[in-house]
Each structure stands twice: as structure tokens, then as C-alpha cells.
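# Architecture at a glance
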Amino acid sequence: MPKENIVKESLPKHIAIIMDGNGRWAKNKGAARIFGHRNAVAAVRDATEGCAELGVDYLTLYAFSTENWGRPAEEVMGLMELLVATIKQELKTLQKNNVKLAAIGDIEALPKRCKKQLREAIELTKNNSGLTLVLALSYSGRWEIIEAIKRLAVDVKEDKLKLDDISSEVFETYLNTANMPDPELMIRTSGEMRISNFLLWQLAYTEIYFTDKLWPDFRRQDLNEAIIAYQNRERRFGRISEQVNT
Ligand code: IPE
Ligand code: IPE
Ligand code: MG
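Okay, so let's go over this structure. Treat the numbers as computed from the prediction; the structure is a model and nothing was measured.

### Description of the packing of helix 3 (residues 73-96) against helix 4 (residues 112-124)
- Look at helix 3 against helix 4: their axes get within 9 Å of each other, and the N-to-C directions meet at 15°. Classified by the angle their axes make, helix 3 and helix 4 are roughly parallel. As helix 3 runs across helix 4, the sense of the crossing is left-handed. Between helix 3 and helix 4, the contacting residues are M80, E81, L83, V84, I87, K88, L91 and Q95 on the first element and R113, C114, Q117, L118, A121 and L124 on the second.
- Partitioned by chemical class, the residues of the contact of helix 3 with helix 4 number 9 nonpolar, 2 polar and 3 charged.

### A look at helix 7 (residues 220-231)
- Between its first and last C-alpha atoms helix 7 spans 16 Å; for 12 residues at 1.5 Å apiece the expected length is 16 Å, and the two agree.
- Of all 12 residues that make up helix 7, 9 are buried, and the element is covered over most of its length.
- Listed as buried for helix 7 are R220, D222, L223, N224, A226, I227, I228, Y230 and Q231.
- Those residues of helix 7 that are buried are in contact with strand 1 (14-18), helix 2 (33-54), strand 5 (185-188) and strand 6 (207-210).

### Considerations on the sheet that holds strand 6
- An order of 3-4-2-1-5-6 is seen for the 6 strands of this open sheet, with the pairing classed as parallel. Every interior strand has two partners, whereas the edge strands, strand 3 (100-104) and strand 6, have only one. Along the sheet, successive strands turn relative to each other by an average axial angle of 20°, direction set aside.
- Examined bridge by bridge, strand 1 and strand 5 share 4 bridges and lie parallel to one another.

### Points about the packing of aromatic side chains
- Inspection of the entire model under this criterion finds 8 aromatic pairs.
- Taken together, a centroid distance of 6.3 Å and an interplanar angle of 90° make the contact between Y139 and F198 edge-to-face. With a gap of 59 residues between them, Y139 in strand 4 (residues 132-139) and F198 in the loop between strand 5 and strand 6 connect regions that are remote in the sequence.
- Overall, F198 belongs to the buried group, its relative accessible area being 0%.
- On the basis of an interplanar angle of 55° and a centroid distance of 4.8 Å, the ring pair of F171 and W201 is categorised as tilted. Here the residue F171 occupies a position in helix 6 (residues 168-172), and W201 occupies one in the loop between strand 5 and strand 6, the gap between them amounting to 30 residues.
- Using a relative accessible area of 10% as the deciding quantity, one classes F171 as buried.

### What about the site of ligand 2?
- Taken together, the residues surrounding ligand 2 are I18, M19, D20, Y62, A63, F64, S65, N68, R71, R188, R194 and S196.
- The side chain of R194 places a nitrogen or oxygen atom 2.8 Å from an oxygen atom of ligand 2.
- Expressed as a share of its isolated accessible area of 390 Å², the protein-covered part of ligand 2 is 78%.
- Among the elements that take part in the shell around ligand 2, strand 2 (residues 58-65) stands out by supplying 4 residues, more than any other.
- Across the shell around ligand 2, the residue classes break down as 5 nonpolar, 3 polar and 4 charged.

### Section: the pattern of salt bridges
- Scanning the entire structure with this criterion turns up 22 salt bridges.
- With a closest N to O distance of 3.4 Å, K116 and E120 form a salt bridge. Of the two residues, K116 and E120 are both situated in helix 4; the distance of 4 residues between them amounts to about one turn of the helix.
- Classification of K116 by relative accessible area gives exposed; the value is 55%.
- With a relative accessible area of 37%, E120 lands in the partly exposed category.
- E207 serves as the salt-bridge partner of R235, at 3.6 Å between the closest nitrogen and oxygen. Of this pair, R235 sits in the loop between helix 7 and helix 8 (241-244) while E207 sits in strand 6; the two residues are 28 residues apart in sequence, bridging distant segments of the chain.

### Re the site of ligand 1
- Surveying the vicinity of ligand 1 reveals 13 residues, the closest of which are D20, G23, R24, R33 and R71.
- Within the contact set of ligand 1, an oxygen atom lies 2.7 Å away from a side-chain nitrogen or oxygen of R71.
- Expressed as a share of its isolated accessible area of 380 Å², the protein-covered part of ligand 1 is 87%.
- The set of elements that each furnish at least two residues to the shell around ligand 1 consists of helix 1 (22-28), helix 2 and helix 3.
- Counting residues per element, the shell around ligand 1 draws most heavily on helix 1, which supplies 3 residues.
- Looking at the shell around ligand 1 residue by residue, the class counts come to 3 nonpolar, 5 polar and 5 charged.

Basis of the calculations
- Residues numbered from 1 in each chain as written.
- Chains lettered and ligands numbered in written order.
- Predicted model: local features only at pLDDT ≥ 70, side-chain atom pairs only at ≥ 80, totals over all residues.
- Heavy atoms only, no water.
- Axes fitted to C-alpha atoms, helices over the stretch in contact; angles between N-to-C directions.
- Helix = DSSP H or I, 4+ residues; strand = E, 2+ residues; numbered from the N terminus.
- Parallel < 35°, antiparallel > 145°, perpendicular 65-115°, else oblique.
- Left-handed = near helix turned anticlockwise from the far one by under 90°.
- Contact = heavy atoms within 4.5 Å.
- Nonpolar A, V, L, I, M, F, W, Y, C, P; charged D, E, K, R; others polar.
- Expected span 1.5 Å × (residues − 1).
- Buried < 20%, exposed > 50% of the residue type's maximum accessible area, 1.4 Å probe, protein only.
- Pairing = 2+ DSSP bridges.
- Phe/Tyr/Trp six-rings, centres within 6.5 Å; stacked < 30°, edge-to-face > 60°.
- Near = heavy atom within 4 Å.
- Polar contact = N/O pair within 3.5 Å; in protein donor to acceptor, adjacent residues only side chain to side chain.
- Areas by Shrake-Rupley, 256 points an atom, 1.4 Å probe, with all protein chains shown as cover.
- Salt bridge = Lys/Arg side-chain N within 4 Å of Asp/Glu carboxyl O.

Structure below.
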């Protein structure tokens, strides 16, 4: 789908992607799973550049879930090494495209080298004013909500927050995504139709787009197709069609 078909005025401000299917992509080629993860980097680069060029404000990529720690140690290690190498290698592209890097999730749980590389890249790109690329690492929606509740409970206990003042808006300020708009569009590749513990709070009214493409094959034409599909949806937020169209 060419990007000319995208209506600039109704571009999503925030797109979230569950990048799925790397393992199957490798298996189809008779290769080890890590080969799929390595080939996922090109898709990340293309989606990031695509979003940056279109003028999307936030792109959140689900790169490693809390549950993914349970995979075979060899794959987990391979993914962590790939993460360090990729951030290092892609820094130039981020700078060239004016992209600001951010992360959500239990960053403390990552190996030392990953944390260091990630923090450096976040620091080096902090003044970029284009797309914010958010990596969800050691992330899960339930983890994020529990962390938010713990910090909120402390504030109530210490009288910094009154029970009656707790609202959706206040709660959101305790989430990792504080100050970010909710995604209008969430894409999942590889044909799986589930949320897998991604942005549980934030996806409440997100339009969800599923594609059978495996993540390493995903390119900006696929991104454009998803955005056009999103632009043809009617977002009613609980109301009826006639109300939304007047
Ligand atoms: C997504 O691809 C990448 C991560 C979860 C890290 P998978 O590794 O889940 O690939 P499939 O789903 O097994 O094909
Ligand atoms: C979701 O994919 C997590 C990421 C893409 C990082 P999974 O492949 O881990 O999800 P399930 O296990 O199929 O639900
Ligand atoms: Mg998967």
C-alpha cells in the first residue's frame, strides 16, 4: 500500500506492535530460532523509519515479555546479546532520523551490558524531537499495573495522595507510559490473535490489526496497509454511529 493513501490529518499518534513470528520464520528456512531474531532487526529499522517519515509521535515495540524469560536459556541469552549489538549498531540510524529512544518494562532485570547500552542510547538521543521509539523490554501489562499500584499505595500511605483523588488520569501517571498517549493502533504479526500481556491498560480502546506476515518479513508497506485499515475503522468509544458522525 503506498503511503499516499494515508490521510495525514488522521494519522495515529501512537502505534504499538507485537513483533511476533521470528521463530517460525527461521524454522521455515530450516534455521535456528536466533536466525529469525537476527532478521527481525531489518523489520524494526523499516517500521521505525516508516513511522518517523510519516510523522507518528510514538512507536512502541514489544521486544521481550516478562514471560519470555521462561524460554530456553540459550535463546534468552541470544536475544540479550542481540539487543546490545542492535542498539549499538542502530544508533546512527536513530540520530539520522531524529528518533528519541525510550524503554518501558523491568529494565533492572536486564543483564548489565544491556542496561548500560540502553541507558547510553537513551541519553544520546534524548534531545531528538521526532519519533519516540519505545522498547518494551522485560515488560508485561500486569507487571506494569502492579508496579503502579505499589507506588500509588505508598503515596496514599504517606498522605501524598488522597483515596478520593484516585482516578484514571491519576493512575496513568504511575504507569511506565505516563505522559504518552494511548496507542490508537496496535499491530500483531504472525497470525496470532491475542494480546499476550502487552499494554493491558493502554489498549482499552485501541484498534487492533492482525496480519499473517511473520515479523522478519514486515516492511513499511505493511505498516502503511495497517494505518489505512485503521483509518477506515469507525471508532465509537461506546457511542453509536450517528453520534460519532455528527
Ligand atoms: C517474537 O517472535 C520475538 C520474541 C518474542 C522475542 P517469536 O520468537 O515469538 O517467534 P514465534 O512466535 O515462535 O514464531
Ligand atoms: C509476545 O510474543 C511477546 C513479544 C513479541 C515480545 P510471544 O510469542 O511471547 O507470545 P505468545 O507466547 O505466543 O502469546
Ligand atoms: Mg511468538
